[in-house]
Amino acid sequence: MPALEKNHIYRSIIEGYSSEGLGVARIDGQVVFVHDAVRGEDCDILVMKVLKNVAFGKPVLRHSTSPHRQEPDCPYYGRCGGCDFRHLDYAEELWAKRQRVQDALTRLGGSDVTVEEILGAAQPLRYRNKSQYPVSADGRVGFYRARSHQVVEVEHCLLQKPQADALAAALRQYLAQYHVPGYDETTGRGLVRHLYVRSNCKGESLVCLLVNGESLPYETELVALLRQAEPQTVGVVLGVNTRPGNAILGDRSRTLWGEDALTDVLCGRTVRLSVPSFYQVNHPQAEVLYGKALEFAGLTGTELAVDLYCGAGTITQVLARQARHVIGGEIVPEAIRDARASARRNGVENVEFLEGDAADVAAELARRQLRPDVICVDPPRKGLVPEVIASIAAMAPRRVVYVSCDPGTLGRDVKRFAEMGYLTRRAVAVDLFPRTRHVETVVLMSRSSG
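Residues numbered from 1 in each chain as written. Predicted model: local features only at pLDDT ≥ 70, side-chain atom pairs only at ≥ 80, totals over all residues. Heavy atoms only, no water.

**Q** What exactly am I supposed to notice about the packing of aromatic side chains here?
**A** Centre distance and the angle of the planes are the two values used to describe a pair of aromatic rings. Inspection of the entire model under this criterion finds seven aromatic pairs. Here the aromatic rings of Tyr 17 and Phe 85 are separated by 6.3 Å at their centres, their planes lie at 90 degrees, and the arrangement is edge-to-face. Of this pair, Tyr 17 sits in strand β2 (residues 16–17) while Phe 85 sits in the loop between β6 (54–62) and α1 (90–108), placing them 68 residues apart in sequence. Phe 85 sits in the buried class, given a relative accessible area of 3%. Seen from their ring centres, Tyr 174 and Tyr 178 are 5.7 Å apart, and the 45 degrees between their planes marks the pair as tilted. Taken together through their ring pairs, the aromatic side chains of Tyr 17, Phe 85 and Trp 95 make up a single cluster. The ring of Trp 95 has Arg 39 sitting right over it, with the charged end atom 3.6 Å from the ring centre. (Phe/Tyr/Trp six-rings, centres within 6.5 Å; stacked < 30°, edge-to-face > 60°. Helix = DSSP H or I, 4+ residues; strand = E, 2+ residues; numbered from the N terminus. Buried < 20%, exposed > 50% of the residue type's maximum accessible area, 1.4 Å probe, protein only. Lys NZ or Arg CZ within 6 Å of the ring centre and 35° of its normal.)

This is the structure:
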């Protein structure tokens, strides 16, 4: 086939979407990822980059326009890299996400399971209960431009809670008023790296400033500005991160004012949340997600269940409602402390929490001669390493419930589980991240002989 030429214009129809939310066209047998494109549109496409297996382009003329195209509702869209689908209506976004999960399970996972549905959000705006604003060397507070670490100043984000935007504005005022430098990743100089805001259902906020040092100038004045901007702030924490690179959280912190943790209620359980603890960013959709995980677990009250990557113990306590006993495992010490505190506060007595990775938990179960009936995993975006999958298979649970935030690593991992004798039986997608390319999936696996 003839190779596509850079800076040439070709006509083609957009067939679907890539994993990053770009339109997909096929020109002379080659896949072309197209920015700002909607499925079904007939476009003249300017090819801007040609690689060995794919090309990238943009539409310069639309011969037809999809009824699912809409005018982006955010003035930063296209500059800020936070959103991918603001040029689509929500129904088309859900179609793209469900198809992405299906493709991953089929093409990467080798599974013939059908994604039963995608559970969309009732409210796709201002849903994030955790906000992380990078700070530039010259004092801009906002979000990164797509595929870069260049900070775009964003005053009002349609994904963040209003109180988070107000706290970001207060930080801008502090940086300018007291001439405090932001952090420069390229030189390792500067002080303020990130603003981290966590909010609960009552509208309260916990604030953490991540800094390249042990202290900030004018800390008392900073706390006053933050509390004035958001009176329902419950605490301000200083996080120390002097390591090079782009990691957000540091390895130690101290409280400048108030509390060092926030409480929230999820699935009827009170949850304690310190800064490092994992917690789903979309509260209403997290309840949908965990409800589906509980359904797939198929508990009857007699089972021993294990919740790996348990974070602050939310899924653990949800499973405990219908299991005889649940063991949660998590490698982050602060999260384990939060999980234990939450369980005590909720009076949940049929749970225990082990600090360590999945292999540590498996070893402890083996030492105690325990064999779980159900194992639930909710790993980070990188998914499970082969050793963890092998450890889970060695424990021989009847069912494995996999909660995934990345379809690509999910597809890879269900294939590895199949090689260990666990086949995918059911799959449902849940949209916890409206207007972005990210999507959660709940998968049920069981032994091929079962």
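**Q** Just checking my understanding: could you explain the side chain of Ser 277 for this structure?
**A** Mapped onto the secondary structure, Ser 277 falls in the loop between β16 (269–274) and α4 (283–297). According to the relative accessible area criterion, Ser 277 is buried, its value standing at 2%. Apart from residues no more than four positions distant in its own chain, Ser 277 is found in contact with Arg 198, Ala 312, Glu 334, Ala 335 and Asp 338. (Contact = heavy atoms within 4.5 Å.)

**Q** Help me understand the nonpolar core, please; the structure alone is not making it clear to me.
**A** One broad rule of soluble globular proteins: the nonpolar side chains tend to lie buried together. One finds Leu 171, Leu 209, Leu 216 and Val 401 to be the most contacted residues of the largest nonpolar core, which totals 76 residues. Look past the residues within four positions of Val 401 in its chain and what remains in contact with it is Ala 293, Phe 296, Ala 297, Val 374, Ile 375, Cys 376, Val 377, Val 442, Val 443 and Leu 444. In terms of nonpolar packing, the next biggest core, distinct from the first, is built from 36 residues, Ile 118, Ala 358, Val 361 and Ala 427 among them. (Core = buried A, V, L, I, M, F, W, Y, C linked by side-chain atoms within 4.5 Å.)

**Q** Whenever I open this one, empty space enclosed by the protein confuses me. Can you help?
**A** A probe matching the size of a water molecule, rolled over the atoms, marks out where space remains unfilled. Taken as a whole, this structure holds two cavities of 30 Å³ or more when the rule is applied. The space that makes up the largest cavity amounts to roughly 70 Å³. Considering the residues around the largest cavity, the lining is formed by Phe 278, Tyr 279, Gln 280, Tyr 290, Asp 307, Tyr 309, Cys 310, Gly 311, Ala 312, Thr 314, Ile 315 and Asp 378. Here the residues of the lining of the largest cavity sort into seven nonpolar, three polar and two charged. The computed volume of the second largest cavity comes to approximately 40 Å³. A per-element tally of the lining of the second largest cavity places α1 first, with three residues. (1 Å grid on protein atoms, 1.4 Å probe; cavity = no way out; pocket = protein on both sides within 12 Å on 5 of 7 lines; lining within 4 Å. Points joined across faces, edges and corners; volume = space filled by probe spheres on them. Nonpolar A, V, L, I, M, F, W, Y, C, P; charged D, E, K, R; others polar.)

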